[in-house]
Amino acid sequence: MLWDDCVVIPMFFKKYGLSLCCLCVGLALVGCPPAKVGVPDLEGMTVAEATTALNDEGLVMGTQQIVFHSTIVEELITESQPSSGSAVEGGTTVNVSVSRGNVVYVDKDLASKGEVDGLSWETAFTKIQDGIDLADSFGGGQVWVSEGTYNEQRTGSITGALELGDDVELYGGFNAIVSKGASTINDRDWNTYPTTIDGANGRGAGLAAYHVIEAAEDSRIDGFTITGGEATGLTPVNTYGGGIYIPEVDTDIANCTIMDNTATLGGGIYSKRSETTILNTVITNNTATGNGGGLYCLTYVDLTMTNCIISENTATYDGGGLTNLATSDSILTNCVFYMNTAGS
């Protein structure tokens, strides 16, 4: 039977994938082309909302790829494939990308000639604190930092510290040129592309930061060398934690080297009333003029350390490597302590 032998009757059956059928001589139906429907705009929807929208068009939700996004918040859809507006057959599977959260970019060597907004490597900030502040304004997110030494003055903070925001995760070990198009944390190498945060000029030229980094709730510090902090201030708080100061917040530290910092308590790290998790990190050559050359855990700290090296730290009194007061608990797995010294 040929198409020319048919009487064409338009019939739209979107639900069943039919839009035009051919009624042929002898009441036989042949050559019914499938319907075409448009993929709805799913950007900004949750997966549940998008599934409903697709089903309403006779389409099927497919895979959900997790990606990082600078403007679309966590758990909302960033794009679909086929893309919004594409004409597809009923019953087509539509795959989506779902935001993992915000990503902000920092590259100290960027010589930008245009807009600097921190939303791509091409428009990256040159200072880490600017990246932290933007991620914090989003309500949290990730700050990806290209290789190099970041030793700028941080006079916006009285302590000269980088001040993390709640739910802000700081990642080093990227190379801004190699990493263009990077979409996951795996697109970095902190050994090949070392990223150093140096507190030597934190409070002004030649005036070291009291803390190189001050942590915040549910923050993360990952892939950095942290050095040059001198917690030698006049007020007690400014004598704690030359490298990292953790003031009653839960924080993760991973893949870092914390070295050559000084404090009265906790030359490398000071933690109080915190769940502090430290992974794959070297804490070395830090000094406490009081206790805890490498780390000092004051009260009610749940310290978890895995695959760490604590070496060659010095304390004038107790705990060359670690001071952990009785109200704090520690779980140490596959950690090595060696050549730490203390006066008592």
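Located above this text is the structure these notes cover.
Conventions adopted
Residues numbered from 1 in each chain as written. Predicted model: local features only at pLDDT ≥ 70, side-chain atom pairs only at ≥ 80, totals over all residues. Heavy atoms only, no water. Salt bridge = Lys/Arg side-chain N within 4 Å of Asp/Glu carboxyl O. Buried < 20%, exposed > 50% of the residue type's maximum accessible area, 1.4 Å probe, protein only. Helix = DSSP H or I, 4+ residues; strand = E, 2+ residues; numbered from the N terminus. Pairing = 2+ DSSP bridges. Axes fitted to C-alpha atoms, helices over the stretch in contact; angles between N-to-C directions. 1 Å grid on protein atoms, 1.4 Å probe; cavity = no way out; pocket = protein on both sides within 12 Å on 5 of 7 lines; lining within 4 Å. Points joined across faces, edges and corners; volume = space filled by probe spheres on them. Nonpolar A, V, L, I, M, F, W, Y, C, P; charged D, E, K, R; others polar.

**Concerning the pattern of salt bridges**
A complete count under the given rule lists six salt bridges for this structure. Between Glu152 and Arg154 there is a salt bridge whose closest N-O contact spans 3.6 Å. Its relative accessible area of 5% is what places Arg154 among the buried residues. Between Asp222 and Arg188 there is a salt bridge; the shortest N-O distance is 2.8 Å. Of the two residues, Asp222 is situated in strand E16 (residues 219-222) and Arg188 in the loop between strand E13 (168-174) and strand E14 (195-198); the sequence distance between them amounts to 34 residues. Judged by its relative accessible area of 2%, Asp222 is buried. Several salt bridges share partner residues, and in doing so they unite Arg188, Arg220, Asp222 and Asp252 into one network.

**Observations concerning the sheet that holds strand E6 (residues 77-81)**
Strand order in the open sheet formed by three strands is E5-E8-E6, with mixed pairing between adjacent strands. Edge positions in the open sheet fall to strand E5 (60-67) and E6, since each of these has one partner strand only. Shown here is a sheet whose adjacent strand axes are inclined to one another by a mean of 25 degrees, direction ignored. Bridging between E6 and strand E8 (residues 93-99) involves four bridges; their strand directions are antiparallel. Pairing of Ser80 across the sheet is with Val96, part of E8.

**Side note on the layout of surface pockets**
Of the pockets and cavities examined, the second largest pocket occupies roughly 180 Å³. Surrounding the second largest pocket, 13 residues form its lining, Glu74, Arg100, Gly140, Gly141 and Asp167 being those nearest its centre. Here the lining of the second largest pocket is composed, by residue class, of three nonpolar, six polar and four charged.

**Re empty space enclosed by the protein**
Throughout the structure, instances matching the rule amount to one cavity of 30 Å³ or more. For the largest cavity, the calculated volume is near 30 Å³. Ile269, Tyr270, Ser271, Thr276, Ile278, Leu295, Tyr296, Cys297 and Leu303 together form the lining of the largest cavity. Here the lining of the largest cavity is composed, by residue class, of seven nonpolar, two polar and no charged.

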